[in-house]
Amino acid sequence: MLNKIKLWKNQQQSSSLHERMLQIEEQPVPSHVAIIMDGNGRWAKKRALPRVAGHHEGMKVVRKITRLASKMGINTLTLYAFSTENWKRPKTEVDYLLKLPEEFLGTFLPELIEENVRVTMMGYKENLPSYTINAIEKAIQDTKDNTGLVLNFALNYGSRAEIVDAVKRVLNDCQKGILESDEVNEDLFSSYLMTSDLTDPDLLIRTSGEIRLSNFMLWQLAYSEFWFTEVLWPDFSEQHFIEAIEAYQNRQRRFGGV
Ligand code: FPP
């Protein structure tokens, strides 16, 4: 009897998810969604598990949300997987976090290829261990001709460093005469950032109840819609993602106009 009730509940849930997906398809979805996946440590602590167990669970959520984003027709999904500040964590945790791309791609790359997903990365490749870089580079290479969702991993990424580096390269090009200082404008500056091939995020999601940007895409998020939730990343479900997209579709973006 209990199993029957469970089955019925699951059926109800998936049919209401299906209906919500149909509704979402009637309006434009955000082209680029960026996510600060926060709360893995707290999720683990609540269960008396080591912090890395939370990161592992979080990795499974990456798979689920990537599939859903791809199904919804979202163009780009940027995930903050490791920040330039995350090096301050205990070495065992850093090592674990930097092994996750290898585990994730080792398991799910065939699925990503089948779903026409293109993997990209933004961040500083120097300092990253070879196993992280090799896994990412293989995925970039194997998916380079895919035309569906761009799955962009922010790995060893920090926005202030990105901006300072862009300023240095602009100055350098001015010095070399490749660029005139009065040619420098917002569009040109954007082309010097790590996101030069991407549009700015339309929607930023942050989980776990923290309401801050933590050095993430400070330039690119200037006009994005923000959506925060108390839900910890390992508990973040398809329903939550749908909720965020619905909230986005109910907002009016004015880009500073009226
Ligand atoms: C922040 O939570 C989360 C991170 C620093 C890492 C996020 C990484 C994943 C979700 C997995 C990435 C998967 C792939 C495929 C690369 P926290 O540890 O700061 O949580 P807390 O604030 O509760 O301590």
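Structure: see above.
Okay, so let's go over this structure. These numbers come from a predicted model, not from an experiment.

**Some thoughts on the overall build of the protein chain**
Phase 1: Each helix and strand counted, the protein chain has eight helices and six strands in total.
Phase 2: Element order for the protein chain, N to C, with α for helix and β for strand: α-β-α-α-β-α-β-α-β-α-α-β-β-α.
Phase 3: What you see for the protein chain is a C-alpha radius of gyration of 20 Å, in line with the 18 Å of a compact globule of 258 residues.
Phase 4: Its C-alpha atoms put the protein chain at 75 × 50 × 35 Å along the principal axes.
Phase 5: Across the 258 residues that make up the protein chain, the buried fraction comes to 45%.
Phase 6: By sequence separation, contacts in the protein chain at least 24 residues apart represent 78% of the contacts at least 6 residues apart.
Phase 7: When the accessible surface of the protein chain is totalled, it reaches about 14200 Å², and 51% of it is carbon and sulfur.
Phase 8: Positive and negative side-chain charges of the protein chain, numbering 31 and 35 respectively, have mean locations separated by a distance of 9 Å.

**Some points on the site of the ligand**
Phase 1: Not every one of the 17 residues close to the ligand is listed here, only the nearest: Met37, Gly41, Arg42, Arg51 and Arg89.
Phase 2: Between an oxygen atom of the ligand and a side-chain N or O atom of arginine 89, the distance comes to 2.7 Å.
Phase 3: One can see that the ligand is located within the largest pocket.

**Some remarks on the layout of surface pockets**
Phase 1: Taken as a whole, the largest pocket holds about 720 Å³ of empty space.
Phase 2: Surrounding the largest pocket, 31 residues form its lining, Met37, Tyr80, Ala81, Asn86 and Arg89 being those nearest its centre.
Phase 3: Elements that contribute at least two residues to the lining of the largest pocket include exactly α2 (40-46), α3 (51-72), β2 (76-83), α4 (91-114) and β4 (150-157).
Phase 4: Here the lining of the largest pocket takes five residues from α3, the largest share from any one element.
Phase 5: When its residues are assigned to classes, the lining of the largest pocket shows 14 nonpolar, eight polar and nine charged.

**Quick notes on the packing of α3 against α4**
For any two helices packed against each other, the geometry is given by the interaxial angle and the distance between the axes.
Phase 1: Between α3 and α4, the shortest axis-to-axis distance is 10 Å and the interhelical angle comes to 30 degrees. With respect to α4, the axis of α3 lies roughly parallel. In this structure, α3 meets α4 at a crossing whose hand is right-handed. Here α3 contributes Arg51, Val52, His55, His56, Met59, Val62, Arg63, Thr66 and Arg67 to the contact with α4, which in turn contributes Glu93, Tyr96, Leu97, Leu100, Glu103, Phe104, Phe108, Glu111 and Leu112.

**Some points on the environment of glutamine 27**
Phase 1: Position of glutamine 27 relative to the elements: it lies in the loop between α1 (2-24) and β1 (32-36).
Phase 2: Judged by its relative accessible area of 38%, glutamine 27 is partly exposed.
Phase 3: Along the sequence, glutamine 27 and aspartate 202 sit 175 residues apart, while their C-alpha atoms lie 14 Å from each other.

Calculation notes
Residues numbered from 1 in each chain as written. Predicted model: local features only at pLDDT ≥ 70, side-chain atom pairs only at ≥ 80, totals over all residues. Heavy atoms only, no water. Helix = DSSP H or I, 4+ residues; strand = E, 2+ residues; numbered from the N terminus. Rg over C-alpha atoms; globule rule 2.2 N^0.38 Å. Buried < 20%, exposed > 50% of the residue type's maximum accessible area, 1.4 Å probe, protein only. Contact = heavy atoms within 4.5 Å. Areas by Shrake-Rupley, 256 points an atom, 1.4 Å probe, with all protein chains shown as cover. Lys, Arg positive; Asp, Glu negative; His and termini not counted. Charge placed at Lys NZ, Arg CZ, Asp CG, Glu CD. Near = heavy atom within 4 Å. Polar contact = N/O pair within 3.5 Å; in protein donor to acceptor, adjacent residues only side chain to side chain. 1 Å grid on protein atoms, 1.4 Å probe; cavity = no way out; pocket = protein on both sides within 12 Å on 5 of 7 lines; lining within 4 Å. Sits in = over half its atoms within 2 Å of the grid points. Points joined across faces, edges and corners; volume = space filled by probe spheres on them. Nonpolar A, V, L, I, M, F, W, Y, C, P; charged D, E, K, R; others polar. Axes fitted to C-alpha atoms, helices over the stretch in contact; angles between N-to-C directions. Parallel < 35°, antiparallel > 145°, perpendicular 65-115°, else oblique. Left-handed = near helix turned anticlockwise from the far one by under 90°.

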